[in-house]
Structures are given as C-alpha cells and as structure tokens.
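Spelled out from the first residue to the last, the chains are:
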Amino acid sequence: MNDWESFDVVVPGSTANLGAGFDSIGMAVNRFLRMTLSPAQDLKIDIQGKELESLKDNSDNLVVQVIQDAFQEMGRKMPGFRLEMKSDIPLMGGLGSSAAAIVAGLAAANHLLGKPWSQEELLQKATRIEGHSDNVGASLFGGVVVTSWDGTKVDAITSSPPPLCLVAAIPRFPLATSKSREVLPEVLSYKEAILGSSRANLLTAALLTGNWEQLRVGMNDRFHQPYRLSLVPGLEQILEEAYEYGALGVALSGAGPTVVAFTLNPEPLSAYLKGVFTELKLPADILLLEPCTKGLHVDLTKVKDRSTLLRN
C-alpha cells in the first residue's frame, strides 16, 4: 500500500559560465522542468512536450536513473509511481537540461525517502553526478550562484540575479557536453590562467556590485570559449559584434550551442542575432529570457487534475 501523496517538482533551467566563470558561475533562467509524481503499482512515465520527445521510449530517463540510484544508496526499494514530465529547456542546448533533471530526480527521491538530505547535501550529490557545480547550483538555489568544487566538496555563494534582459540564440542542433569538452586543452599557460582568473574575478564583482559596464571584459573568457568557436557557427562573429547592438556582455551558454547576451534593450540585439543565423542558413530560436530568482520547488499536488502543473 502506498503511504504518500502526489507531489510536484519544478526546477528552473540555467545558463552557466557566463563567459569566464567556467564551471563555477551559474544563473537560473525562466525555463522549467515540471514533474508530478503520483502513487502507482509500477513505474509509469508520461512524457509531454516537444523538448522531451526523444525520451519517450523511457530507456534513458535521467530523472528515473537518479531516483533509482538514490534509493539504492539508502538501501531502500523504490516504490512504484507515475511520473508526468514536461520541459521547455532544450536538450543538449546549453541551458542546463541535464542539471535540471538531476536536481529534479534528487528532489523527488529526497521527498519519497522522507527528506534525509538538506539543500547543501543535495548540492554535493548533484555536483558529483553532473561533474560540475554551476548549473546544478543555479537550478537548486535560483538567482546567481558562484561555486568552487575541488572534486570532493562544493562551496557556494548565492546572490540575486542582475536586473537585466537576457537574449538567447538557440541554434537548432544538439551539442553534447562531452563533445564540447573534447576540444578543451588539458593545460593552460601560467599567463593565460592568470588572465582567465582575473576576468572571472571581474565578472563576479560586476554581478555583485551592478557595474554592468565591466560585464564586457568579465565575460570575455579565456578558459573555454576560444576553443569552442568552431563548434558553433556564428559564435566568433557574435562575440565580436553583439556590443554594437546593445549587448552588455556575451557568452556561450554552458557547453553550447546557445549564445546568451545581457542587455538593457533586447529588440536590436534580438534582430541582430536572428540576422546572423539567417545569413548562415542555420535555424535558430531567438528568446528573451529572464533571470529566475527561485530555484527548486517541491510541494504536494493541490489540484485534482494532475496535468494542470504541466500545462502552466
């Protein structure tokens, strides 16, 4: 007999790195993974929406994998449940789809297990699964998250997101994080490492103090973007020209292929980005995103129609 009630899980997507904050700075955005879990005799998965279309065979569902692993870790048998999922976070698009799935799976498991883990422990677990802390930290806490992970422990500081518009250009081709990481160098020169570190410091200071003029330099990364230019058509051009159209700072979002730019005036920047990809004959979605102040949310389902959450 099931002794738990249906509950909802909502997790925001994220943009990470923001240029020089490679694997350490993330910001939650208003794209969401939404789930409802309801008691059932066996595992049943209901995938809704085009973003998760490729997961409908249920053979590679990261959320379920995370829940199963969590129960195994605790020496408990996973109960049957119906999982309803909908997401408007592009898969392999650089807006934190895998991080959102990991956080959602851990949150669901934590709820089913009686909440043995704190938010801090969820961050540590999510980072170990994801391999870096910026996206999962942003999805978990919301706002801007500045993190440091030494391979064993994550330290994190959260802050309110900047009151700026965020224009995202999402080319319609998937770019696996594994492929994007293959092009990165194993070693940086001492001089280059110092330059990259100084820009990450400047980026952090700009975000925390509201000095938006310094975003241009702070987001001019040396750790990963120079090596990923060939993976995203138009990226090099955008990084050079977007400032002429109102960008305050431009960066490859996560591992790509999404490109994001902070701005006070999104219209000319959106038109410019659309024009770049039109010239390249590469379909791309141009979106106006908002920083998201809230992170993970888990709550008992309060509506009889369980699909209400998924339609919002």
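Residues numbered from 1 in each chain as written. Predicted model: local features only at pLDDT ≥ 70, side-chain atom pairs only at ≥ 80, totals over all residues. Heavy atoms only, no water.

Caption draft 1: Seen up close, the nonpolar core. Leu-33, Met-35, Leu-37, Leu-215 and Phe-262 are the most contacted members of the largest nonpolar core, which has 60 residues in total. Of all the elements, helix H2 (residues 97–112) adds the most residues to this core, at 11 residues. A domain split of this core shows at least three residues from each of domain 1 (7–160 + 293–300) and domain 2 (165–289). Discounting residues that sit within four places of it in the chain, Leu-37 has contacts with Trp-4, Ser-6, Phe-7, Ile-67, Phe-81, Arg-82, Leu-83, Ala-108 and Leu-112. (Core = buried A, V, L, I, M, F, W, Y, C linked by side-chain atoms within 4.5 Å. Buried < 20%, exposed > 50% of the residue type's maximum accessible area, 1.4 Å probe, protein only. Helix = DSSP H or I, 4+ residues; strand = E, 2+ residues; numbered from the N terminus. Domains from an automatic or database assignment. Contact = heavy atoms within 4.5 Å.)

Caption draft 2: Representation of the packing of aromatic side chains in the model. Counted by the stated rule, this structure contains two aromatic pairs. Ring geometry for Tyr-245 against Tyr-272: centres 4.3 Å apart, planes inclined by 10°, an arrangement best described as stacked. Remark: Tyr-272 occurs in helix H10 (residues 266–279) and Tyr-245 occurs in the loop between helix H9 (235–241) and strand S8 (247–252); sequence separation between them is 27 residues. Over the ring of Tyr-243 we find Arg-216, and its NZ or CZ is 4.1 Å from the ring centre. (Phe/Tyr/Trp six-rings, centres within 6.5 Å; stacked < 30°, edge-to-face > 60°. Lys NZ or Arg CZ within 6 Å of the ring centre and 35° of its normal.)

Caption draft 3: A look at helix H6 (residues 190–209). Compared with the 28 Å implied by 1.5 Å per residue over 20 residues, the 28 Å span of H6 between its first and last C-alpha is a close match. Glu-192, Gly-196, Arg-199, Ala-200, Leu-203, Thr-204, Ala-206 and Leu-207 are the residues of H6 that are buried. Along the axis of H6, the buried residues cluster in a sector spanning 165°; they form a single face. Opposite the buried face of H6, by more than 90 degrees, sit the exposed residues Tyr-190, Lys-191, Asn-201, Leu-208 and Thr-209. Close packing links the buried residues of H6 with strand S2 (25–39), strand S5 (144–149) and helix H7 (215–218). At the exit of H6 stands Gly-210, carrying a positive phi of roughly 80°. (Expected span 1.5 Å × (residues − 1). Arc of directions from axis to C-beta.)

Caption draft 4: Structural detail: the UniProt feature "binding site: ATP" (unreviewed entry) in the protein chain. Per the UniProt record, "binding site: ATP" (unreviewed entry) is annotated on Pro-90, Leu-91, Met-92, Gly-93, Gly-94, Leu-95, Gly-96, Ser-97, Ser-98, Ala-99 and Ala-100. Set against the largest pocket, the annotated residues named above that line it are Pro-90, Leu-91, Met-92, Gly-93, Gly-94, Leu-95, Gly-96, Ser-97, Ser-98 and Ala-100. By secondary structure assignment, the location of Gly-96 is in the loop between strand S4 (81–87) and H2. Checked against the element boundaries, Ser-97 lands in helix H2. Here Ser-97 is in contact with Ile-89, Pro-90, Leu-91 and Met-92, once residues within four sequence places are set aside. (UniProt positions renumbered as here; feature names shortened; annotations may be inferred. 1 Å grid on protein atoms, 1.4 Å probe; cavity = no way out; pocket = protein on both sides within 12 Å on 5 of 7 lines; lining within 4 Å.)

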